[in-house]
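Chains, contacts and geometry: an overview
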Amino acid sequence: MSAPLRDRTAPTEHPVLDVLDVLAGRWSPRAFDKESTIDEATLAAVLEAARWSPSAGNTQPWRFVVARRGTALHAQIVEALTGLNQTWAPAAGVLIVALAEEHDADGNPLRFAQYDLGQAVAHLSVQAHSEGLVVHQMGGIVREALSALPGVEARFVPLTVIALGQLGDAASLPDKLREREVAPRVRRPLAETVVAAA
């Protein structure tokens, strides 16, 4: 006889998503509403979802720098973006620098830090979508500039910047980005993704 199921729901400090019915609708737009704001409870829930993602040995090797639009920190992060990211990302209500703790306080390597940070950001993205927000992750960054932000210790490596906010009008984007914004979403077939199955 199997053991009865126990309630293992995480004791979150802020409400997070229960039912993952939002995955198919999640996407990564570049058009953000530059007038809207994100309330504290919603932002806390998005970060709480990241906090409860899995990690190797429960090391939780992620940290976030969170900056609201209109602050000096937000402007600093925008300056550390490269290319076209600087044309659209300033409109995002919040910019989040995602950092991986690649070595613990004793200098030991945390081999799965980047993988685990990716899981945390995935949880953040799904929660944000469920809250009616949109997320876009950027790899076009100047790591050295982000490493110099307040609170970022040497053992934390910036991997991406996340734009978070309300969806804006694609017409506000430069032509090249507007075309991408309205293009159909595509992924390779699942049969080409699964390289072996039994």
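In what follows, the structure referred to is the one given above.
Quick summary incoming for the structure in this document.

Rules of the game
Residues numbered from 1 in each chain as written. Predicted model: local features only at pLDDT ≥ 70, side-chain atom pairs only at ≥ 80, totals over all residues. Heavy atoms only, no water. Buried < 20%, exposed > 50% of the residue type's maximum accessible area, 1.4 Å probe, protein only. Helix = DSSP H or I, 4+ residues; strand = E, 2+ residues; numbered from the N terminus. Pairing = 2+ DSSP bridges. Axes fitted to C-alpha atoms, helices over the stretch in contact; angles between N-to-C directions. Contact = heavy atoms within 4.5 Å. Left-handed = near helix turned anticlockwise from the far one by under 90°. Nonpolar A, V, L, I, M, F, W, Y, C, P; charged D, E, K, R; others polar. Phe/Tyr/Trp six-rings, centres within 6.5 Å; stacked < 30°, edge-to-face > 60°. Salt bridge = Lys/Arg side-chain N within 4 Å of Asp/Glu carboxyl O.

1. Notes on the pairing of strand 4 (residues 156-165)
Burial of strand 4 is extensive: 10 of the 10 residues sit out of reach of the surface. As defined by bridge partners, strand 2 (residues 94-101) adjoins strand 4 across eight bridges and the pair is classed as antiparallel. By the bridge assignment for strand 4, Glu101 is matched with Phe156. Where strand 3 (residues 134-138) meets strand 4, five bridges bridge the pair, whose relative direction is antiparallel. Looking at the pairing, His136 lines up with Ala163 of strand 4.

2. What about the sheet that holds strand 2?
If you walk across this open sheet you meet the four strands as 1-2-4-3, and the pairing is antiparallel. If you trace the sheet from one side to the other, it starts and ends with strand 1 (62-68) and strand 3, each paired once. The sheet shows a mean angle of 25° between the axes of neighbouring strands, direction not considered. Across seven bridges, the pairing between strand 1 and strand 2 is antiparallel. Each bridged residue has a counterpart across the sheet, and for Trp62 the counterpart in strand 2 is Ala100. Set on the sheet, helix 1 (residues 40-51) makes contact with strand 1, strand 2 and strand 4; between it and strand 1 the angle comes to about 165°.

3. Structural notes on the packing of helix 1 against helix 4 (residues 113-130)
Packed helices, taken two at a time, are described by the angle their axes make and the gap between the axes. Packing of helix 1 against helix 4 brings their axes to within 7 Å, and their N-to-C directions diverge by 145°. Where helix 1 crosses over helix 4, the two elements pack in a sense that is right-handed. Here helix 1 contributes Ala45, Val46, Leu47, Ala49 and Ala50 to the contact with helix 4, which in turn contributes Ala120, His123, Leu124, Gln127 and Ala128. Residue classes in the contact of helix 1 with helix 4 are distributed as eight nonpolar, two polar and no charged.

4. A short note on the side chain of Ser55
As for its placement among the helices and strands, Ser55 is situated in the loop between helix 1 and strand 1. Those residues in contact with Ser55, other than ones at most four positions away along the chain, are Gln60, Pro61, Trp62 and Asp116.

5. Concerning the packing of aromatic side chains
By the definition in use, this model includes one aromatic pair. Taking the centre distance of 5.9 Å and the plane angle of 10° together, the rings of Phe32 and Trp88 count as stacked. You can see Phe32 sitting in the segment before helix 1 and its partner Trp88 sitting in helix 3 (residues 85-88), a full 56 residues away along the chain. Using a relative accessible area of 5% as the deciding quantity, one classes Phe32 as buried.

6. Details of the pairing of strand 2
Buried residues dominate strand 2, accounting for eight of its eight residues. Of the two faces of strand 2, the one lined by Val94, Ile96, Ala98 and Ala100 and the one lined by Leu95, Val97, Leu99 and Glu101 are each fully buried.

7. Some remarks on the environment of Glu192
Mapped onto the fold, Glu192 is located in helix 7 (residues 190-193). Spatially, the C-alpha atom of Glu192 lies 32 Å from that of Leu167, the residues being 25 residues apart in sequence.

8. Description of unusual backbone geometry
Unlike most non-glycine residues, Asn58 shows phi in positive territory, near 55°. Structurally, Asn58 is set in the loop between helix 1 and strand 1. We classify Asn58 as exposed; its relative accessible area is 54%. Even without being glycine, Gln60 reaches a positive phi, approximately 50°. Along the chain, Gln60 falls in the loop between helix 1 and strand 1.

9. Digging into the pattern of salt bridges
All chains considered together, the criterion is met by six salt bridges. The closest approach of N and O atoms between Glu153 and Arg155, which form a salt bridge, is 2.5 Å. Residue Glu153 is classed as partly exposed on the basis of its relative accessible area, which comes to 41%. Between Arg178 and Asp175 there is a salt bridge, with the nearest N and O atoms lying 2.2 Å from each other. One end of the pair, Arg178, and the other, Asp175, are both in helix 6 (residues 175-182), three residues apart, so they sit about a helical turn from each other. On the basis of relative accessible area, Arg178 is assigned to the partly exposed category, the value being 27%. Shared partners join several salt bridges into a network, and the residues in it are Arg63, Glu101, Glu153 and Arg155.

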